[in-house]
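The primary structure of each chain is shown beneath.
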Amino acid sequence: MNQNSSFVEFRNVQKSYDGKTLVVKDFNLSITRGEFVTMLGPSGSGKTTCLMMLAGFETATYGDILLDGQPINKVPPQKRGIGMVFQNYALFPHMTVAENLAFPLEVRKLGRNVIKQKIGNALEMVELGELANRRPAQLSGGQKQRVALARALVFEPKLVLMDEPLGALDKNLREQMQYEIKRIHENLGVTMVYVTHDQSEALTMSDRIAVFNDGIVQQLASPATLYEEPENAFVASFIGENNRFSGTVKSLDSDRCIVTLDDDDCNIRALPINITGHGSRAILSLRPERVVIDPEEGSLPNIFKVRAEGVTYLGDHIRCSVNFGQRHQFIIKIPNSEQHPVLKPGSDFRIGWAGRDCRAFNA
Amino acid sequence: MNEMVARTDTLNTLTADAREFEGKALRAQLARSTRLEKAKALLLVLPLLLFIGVMFIFPLADMMLRSTDNGPVAELMPDTAARLLDWDQFTLPDEATYAALARDIQTAQKERTLGKIATRLNFELSGIRSLLTKSARKLAQMESSDESWKQRLVQIDQRWGELATWSAIKRVLPSVTATFYLSSLDLAYDAKGEVVRKPPERAIYVDNFIKTFAISLGVTLSCFILGFPVAYLLSVLPTAKANLLMICVLLPFWTSLLVRTTSWIALLQTHGIVNDLLVWLGILSEGNRLDMMYNMFGTVVAMTHILLPFMILPLFSVMKSIDPSFMRAATSLGASPFTAFIRVYLPQTKPGIAAGSLLVFILAIGYYITPALVGGRTGQMISNFIAYHMQQSLNWGLAAALAVILLIIVLILYWLFNRIIGIDKLKLG
Ligand SMILES: Nc1ncnc2c1ncn2[C@@H]1O[C@H](COP(=O)(O)OP(=O)(O)OP(=O)(O)O)[C@@H](O)[C@H]1O
Ligand SMILES: [Mg+2]
């Protein structure tokens, strides 16, 4: 990606808090104007650290961070013009909602009338007009969240950062807020960098997702690509549900490989992603919904006999854990359609899957 | 139609009554169900309540009564008291009164109660003590003669012929008196029984109340200026370092008050360490050594040192609870660190500032030991006068009146504080 098209850019950024371990190892990320990019990763993977470096509250120990083509390592946070929504909202408790919203405008020395108008617009945007004179302590969690969002947007920053802004909300409210944030993002066209460790949130909201682990970006891609075509074992296991097997590569072509499983010498045909060569260790990953029940003999390269162990009815689909060879807890998901097979614990049947649905990664 | 309206009305009132009845029943139920808990809670605080009752409320009430109590003169000089009851105060009393006085003095001398009478009367008019003892001595030696008692007494001392003496006696006869309160406010009765200002050289209490107020304010302010940064540091340091610093802050509590105060003397006196150092450095010449001890400055310095923890602790507890993300939010919204501090941080420390200041001020306004040791002549506070009247002059009535006035001032301040800041906003720890 060339420099002109990227609005925010991390170049080989490293960060260490204690001078011994690198929390962020070699972080590269380029975000275009107007994009909604999510940083997703397990707890402690350095997401907040990266966001804080971008906002200016932490300094990178190595590398450059560019905003609009300019390095900002030496720019203090108040001069960066970046809106930020904190996980605990950080609404000033001694100010009313209106005063909270006025704060960024007052420090920018805008006129009284302009401020009033902008506050009005911002409150309207988050649909909180009637709460202007309440204090934060008198608001519900969702309302606080909206005020925090309005405050981060009211001074019209080009870039808005959000660190797990919905972490404290319950599921319904979270979904509603996800929708609103998305709507505001589309209306205003601001660039948003969003941090979460909730993968469904990341998948529904983002243009692109950066999956974090171990201080580096494991994969940066659109939600669909991330789900369908994970590039390594971590991404495959972190995003969505997975059946995982480990084994040794027995034969390898460009688009096909055969992996012998460790426990029972069972051969599985799979799609090689980053397999290094014949005889190397591999991890196989297979989505539960890609498993076919009772396939025609010979129609699929992988067909095995299994015994059902537990069946859970989940409304829109049925989840069944089966005993596959020596492996327990092999999960299959069957969509709840009219002619779905009736599975009972203890019953034997056959399952199968296509070679391209089972991805083989270097272990 | 009207009928129907009326009927719904009665219906409404009926249901309202029912609701009210239900409400009452519910309240009664609630009261019943919490009665046991309340009893238990009361039992827990009972020892403290008793202790406070005996050790605090009772002495306080006693002090208040004492501040208006006129003393035992009326009982000890019953005849004179009876005669003076309807004396007009404009002319000298009649012969019968003089006779009663002579009788009372002699009886008192015999029963050894003259000292008490003299002490009480002396507060009213200085010099009466010697007048009474002298009169008692002379009356005992006197042979009977046909001169009137009036002549005899005036002969013994002409002050018995002055109205001021008699009105002083009359003033101590009722059971309550305002004398001590008047004295506390630098007022007194003149010979005609009217309230007048004391002459400037004897007017000390009002000035001292003002000085006490000023010293307390000064101590509170310097505690705040010194304590605020320390409390801030305490709240942001990592725990291990913060604990170490906290120990240093609390160090004043670990050594005896006397040791601390006397070490200030060693430091600040004219030939103390600080002056020696300044002279040695050539900043001061030998003749210009600073007076930093035995005056108001010494009092303020030593009291600030002692009261500092009372400012730091509430401030610290408030600051500790302020999430650092507030400051970050403020800077991310475009405020400079200074603006963020003034507009976002400082307002949130208000409960701590209020609590610390109130605590330090109220402790300071009644402080006794430090001014007594290092205050010299100009650094004495009202408590030192109260102690003086308790221990040296034994004028307990005046001591009590001064103490009550101090209490009233503190209560007024407290009320003002509550009006302006709100006591519910306090955070003491
Ligand atoms: N101020 C700090 N001093 C020292 N170490 C820190 C500091 N802040 C974070 N760390 C460490 O850096 C690592 C990354 O922390 P970070 O807060 O960026 O994680 P995160 O991805 O945001 O996790 P979470 O999802 O739990 O918020 C963690 O191991 C954490 O212990
Ligand atoms: Mg985090």
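The numbers attached to residues start from 1 for each chain and follow its sequence in the written order. For naming, the first written chain is A and the first written ligand is 1, with later ones following in the order written. Local features are withheld for residues below a pLDDT of 70 in this predicted model, meaning they are given only at 70 or higher, and side-chain atom pairs are given and counted only at 80 or more; totals for whole chains, interfaces and linings count all residues. Only hydrogens and water are removed before side-chain values are computed, so all heavy atoms of the structure are retained for them.

**As for the domain arrangement of chain A**
Residue and element names in this part refer to chain A. For the record, the criterion: Note that the domain bounds reflect an automated or database-derived domain assignment. Defined in terms of a 1.4 Å probe, buried area is the accessible area two parts forfeit on being brought together, summed over both. When a carboxyl oxygen of Asp or Glu lies within 4 Å of a side-chain nitrogen of Lys or Arg, that pair is called a salt bridge.
Domains assigned within chain A are domain 1 (3-234) and domain 2 (241-362). Regarding the contact of domain 1 and domain 2, the summed buried area is about 710 Å², with carbon and sulfur atoms giving 40% of it. Broken down residue by residue, the surface that domain 1 buries against domain 2 is led by Y227, P230 and A233, which jointly contribute 64%. Scanning the region where domain 1 abuts domain 2 turns up one salt bridge.

**A look at the domain arrangement of chain B**
In terms of domains, chain B is made up of domain 1 (1-48), domain 2 (73-177) and domain 3 (205-425). Between domain 1 of chain B and domain 3 of chain B, the C-alpha centre-to-centre distance is 51 Å.

**Points about the sheet that holds strand β4 (residues 62-67) of chain A**
Residue and element names in this part refer to chain A. Formally: By this definition, two strands are paired if DSSP reports at least two bridges between them. A helix here means a DSSP run of H or I that spans at least four residues, while a strand means a run of E at least two residues long, and both kinds are numbered starting from the N terminus. Contacts: residue pairs with any heavy atoms within 4.5 Å of one another. For helices, the axis comes from a line fit to the C-alpha atoms of the stretch in contact; other axes are also lines fit to C-alpha atoms, and the angle between any two N-to-C directions lies between 0 and 180 degrees.
Ordered in space as β2-β1-β4-β5, the four strands form an open sheet in which the pairing is antiparallel. Taken across any chain shown, the strands that pair with only one partner, and hence form the sheet edges, are β2 (24-32) and β5 (70-71). In the packing of helix α1 (residues 47-55) onto the sheet, the strands contacted are β1 (6-15), β2 and β4, and the crossing angle to β1 comes to about 120°.

**Comments concerning the interface of chain B and chain A**
For the record, the criterion: Nitrogen and oxygen atoms within 3.5 Å of one another constitute a polar contact, given that in protein one can donate a hydrogen and the other can accept it, and given that sequence-neighbouring residues count only through two side-chain atoms. Think of it as three bins: nonpolar holds Ala, Val, Leu, Ile, Met, Phe, Trp, Tyr, Cys and Pro, charged holds Asp, Glu, Lys and Arg, and polar takes everything else, Gly as well.
Listed as interface residues are 18 residues of chain B and, on the opposing side, 22 residues of chain A. Here chain B packs against chain A, burying approximately 1700 Å² in sum over the two surfaces, 65% of which is carbon and sulfur. On inspection of chain B and its partner chain A, the count reaches two salt bridges. Here chain B is connected to chain A by five residue pairs in polar contact (both at pLDDT 80 or more). Going through the elements one at a time, α15 (325-332) and α16 (337-348) of chain B are the ones with two or more residues in the side of chain B that touches chain A. The greatest single-element share of the side of chain B that touches chain A, amounting to seven residues, is contributed by α15 of chain B. For the side of chain B that touches chain A, a count of residues per class yields eight nonpolar, seven polar and three charged.

**Regarding the layout of surface pockets**
Residue and element names in this part refer to chain B. Worth spelling out the cut-off: Lining residues are those with an atom within 4 Å of a point, where the points come from a 1 Å grid over the protein atoms alone and group into cavities, where a 1.4 Å probe fits but cannot get out, or pockets, open sets with protein on both sides within 12 Å along at least five of seven lines. Grid points are joined across faces, edges and corners, and a volume is the space filled by probe spheres set on the points.
Of the volumes computed, that of the largest pocket is approximately 690 Å³. Mapped by element, the contributors of at least two residues to the lining of the largest pocket are α5 (114-124), α8 (163-171), α9 (179-184), β1 (187-189), β2 (195-197) and α19 (382-391). For the lining of the largest pocket, the element with the most residues is α9, which contributes four residues. Of the residues that make up the lining of the largest pocket, three or more belong to each of domain 2 (73-177) and domain 3 (205-425). Taken as a whole, the second largest pocket holds about 590 Å³ of empty space. Around the second largest pocket, the lining comprises 18 residues; the ones closest to its centre are F56, P59, L60, M63 and A403. Of all the secondary structure elements, the ones that give two or more residues to the lining of the second largest pocket are α1 (2-68), α19 and α20 (396-420).

**A short note on the site of ligand 1**
Residue and element names in this part refer to chain A. Formally: A cutoff of 4 Å decides nearness: a residue is near a molecule or strand if any of its heavy atoms lies inside that distance of it. Calculation of accessible area relied on Shrake-Rupley with a 1.4 Å probe; when residues are assessed, cover is drawn exclusively from the protein chains displayed.
Looking at ligand 1, the residues that line it are Y17, V23, S43, G44, S45, G46, K47, T48, T49, E164 and H197. In the model, an oxygen atom of ligand 1 is placed 3.4 Å from a nitrogen or oxygen of the H197 side chain. For ligand 1, the accessible surface in isolation is 630 Å², of which the surrounding protein chains cover 56%. Residue composition of the shell around ligand 1, by class: two nonpolar, seven polar and two charged.

**Things to note about the pairing of strand β14 (residues 281-286) of chain A**
Residue and element names in this part refer to chain A. As a reminder of what qualifies: Only protein chains enter the accessibility calculation, which uses a 1.4 Å probe; a residue whose area is less than 20% of its type maximum is buried, one above 50% is exposed, and one in between is partly exposed.
In terms of burial, β14 is largely enclosed, as five of its six residues are buried. Where strand β11 (residues 243-252) and β14 come together, six bridges link them in antiparallel fashion. In the strand pairing of β14, G247 is matched with A282.

**Details of the packing of aromatic side chains**
Geometry of an aromatic ring pair is reported as the spacing of the ring centres plus the angle between the planes. Short version of the rule: Any two rings among Phe, Tyr and Trp, with Trp reduced to its six-membered ring, count as a pair given centres within 6.5 Å; such a pair is stacked if its planes are under 30 degrees apart, edge-to-face if over 60, and tilted if neither. Geometrically, a lysine NZ or arginine CZ counts as sitting over a ring once it is within 6 Å of the ring centre and also within 35 degrees of the ring normal.
For the structure shown, the criterion picks out 20 aromatic pairs over all chains. Between the aromatic rings of W160 of chain B and W166 of chain B, the centroid separation amounts to 5.8 Å while the plane-to-plane angle is 55°, which identifies the pairing as tilted. For the pair shown, W160 of chain B and W166 of chain B are each scored as buried. Judged by centre distance (5.4 Å) and plane angle (85°), the rings of Y232 of chain B and Y345 of chain B are edge-to-face. Of the two residues, Y232 of chain B is situated in helix α10 (residues 205-236) and Y345 of chain B in helix α16; the sequence distance between them amounts to 113 residues. Residue Y345 of chain B is classed as buried on the basis of its relative accessible area, which comes to 5%. Within the aromatic cluster, the residues linked to one another by ring pairs are F224, F228, Y232, F341 and Y345 of chain B. Directly above the aromatic system of Y227 of chain A lies the positively charged group of R287 of chain A, at a separation of 4.1 Å from the ring centroid. Geometry around W149 of chain B places R152 of chain B over its ring, the cationic atom sitting 4.0 Å from the centre.

**Points about the sheet that holds strand β20 (residues 358-362) of chain A**
Residue and element names in this part refer to chain A. Spatially, β11-β12-β13-β20-β14 is the arrangement adopted by the five strands of the closed barrel, whose pairing is mixed. Each strand of the sheet is rotated relative to its neighbour by a mean of 55°, with strand direction disregarded. As defined by bridge partners, β11 adjoins strand β12 (residues 257-261) across five bridges and the pair is classed as antiparallel. Paired with T248 across the bridge in β12 is T260.

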